[in-house]
Amino acid sequence: MNTSTMKYIFLIFSVLILSCCSQQQARRPISQSSGSFLNESVERNKKLISGEEAKIDSIIKSDPNIKYIASKKGYWYRYDKKNILDTLRPKKGDIANFNYELKDLDGNVIYSELELRLQKYHVDKEQKIIMGLRDGIKLMRKNETVTFLFPSHMGYGYHGDDRRIGHNQPLICTVTLIDFTPENSIQPE
C-alpha cells in the first residue's frame, strides 16, 4: 500500500471512531402539536356517543312497558326470559354456552342465531366476543334470554367487523345463556 492510500484509510477510520464516540442530540420534532387534534377527536367521540345514546334512548322510550336497566359499563339491557330459581352467574374461568343474534337499531337482522351457532366462551379468559357481551354474559343465569343495547364502543367500535357491521354501529344483541360450567368442575382434556 502506498502512503496516500494509508492516509486515506486512516482518515476514514478516524472519522468513524469520532462519529461513534460523540454524543448526538435528539432531533426536535418538525412541528409541535398544540393538542388541537386530540381535542377535536374527543369532541367527535362525544358527539358520536351522544347521537348513539339518543337513538338507544328512543328505543327504550318507544315501549314504556319494557323495563331496561342501565349497566355501569355504558349499555342497556332487558330480560326477555328470566330465571328466578337459580342464583349462580358465570364468572371468570367458567365456560358459558350461549346463542345470540345481532340486529341494527332499526331491528334489521345482521347475523341470525342460526348463522352464529352455539358459542362456547371462557369467561374473561378470551377476547373472541365483543366487549359488551363479555360483560353482559356475567349478568345472566342459565336459561335466561336478555336483549342488550350496545353503543358502538361496546360492540365492534370504529372498525366494524369487515363484513356486515359498519364502523361506529350500535347493536341490539339478544342472548340466550344455555348453560355454563363452573371453572372448578371442568375436567382437564
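Residues numbered from 1 in each chain as written. Predicted model: local features only at pLDDT ≥ 70, side-chain atom pairs only at ≥ 80, totals over all residues. Heavy atoms only, no water.

Asker: A description of the overall build of the chain should follow, citing residues and the corresponding values.
Answerer: A tally of helices and strands in the chain yields four helices and seven strands. Scanning the chain from its N terminus toward the C terminus, one meets helices and strands in the order α-α-β-β-β-β-α-β-α-β-β. For the chain, the proportion of its 189 residues judged to be buried stands at 34%. Residue pairs at least 24 apart in sequence account for 67% of intrachain contacts in the chain once pairs closer than 6 positions are excluded. About 13300 Å² of surface is accessible on the chain, with carbon and sulfur atoms providing 54% of the total. (Helix = DSSP H or I, 4+ residues; strand = E, 2+ residues; numbered from the N terminus. Buried < 20%, exposed > 50% of the residue type's maximum accessible area, 1.4 Å probe, protein only. Contact = heavy atoms within 4.5 Å. Areas by Shrake-Rupley, 256 points an atom, 1.4 Å probe, with all protein chains shown as cover.)

Asker: Which residues make up the environment of Thr176, and what values do they have?
Answerer: Of note, Thr176 is situated in strand 7 (residues 171-181). Counting along the chain gives 39 residues from Thr176 to Ile137, while the straight-line C-alpha distance between them is 9.3 Å. Excluding residues that lie within four positions of it along the chain, Thr176 makes contacts with Asn97, Phe98, Asn99, Met140, Glu144 and Thr145. In terms of polar contacts, Thr176 uses its side chain to reach the side chain of Thr145, at 2.9 Å. (Polar contact = N/O pair within 3.5 Å; in protein donor to acceptor, adjacent residues only side chain to side chain.)

Asker: Which residues make up the packing of aromatic side chains, and what values go with them?
Answerer: According to the stated counting rule, one finds seven aromatic pairs in the structure shown. Taking the centre distance of 5.6 Å and the plane angle of 50° together, the rings of Phe98 and Tyr100 count as tilted. Accessibility classification places Phe98 together with Tyr100 in one group, the buried group. Ring-pair connections join several aromatic residues into one group, and the members of that group are Tyr75, Tyr77, Tyr79, Phe148 and Phe150. One cation-aromatic arrangement involves Lys82 over Tyr79; the distance from NZ or CZ to the ring centre is 4.1 Å. The positively charged end of Lys142 is found above the aromatic ring belonging to Phe180, 5.5 Å away from the centroid. (Phe/Tyr/Trp six-rings, centres within 6.5 Å; stacked < 30°, edge-to-face > 60°. Lys NZ or Arg CZ within 6 Å of the ring centre and 35° of its normal.)

Asker: How would you summarise unusual backbone geometry if you had to cite specific residues and measurements?
Answerer: We note that Asn143 has phi near 65°; this positive angle belongs to a residue other than glycine. Locating Asn143 in the fold gives a position in the loop between helix 4 (131-136) and strand 6 (144-150).

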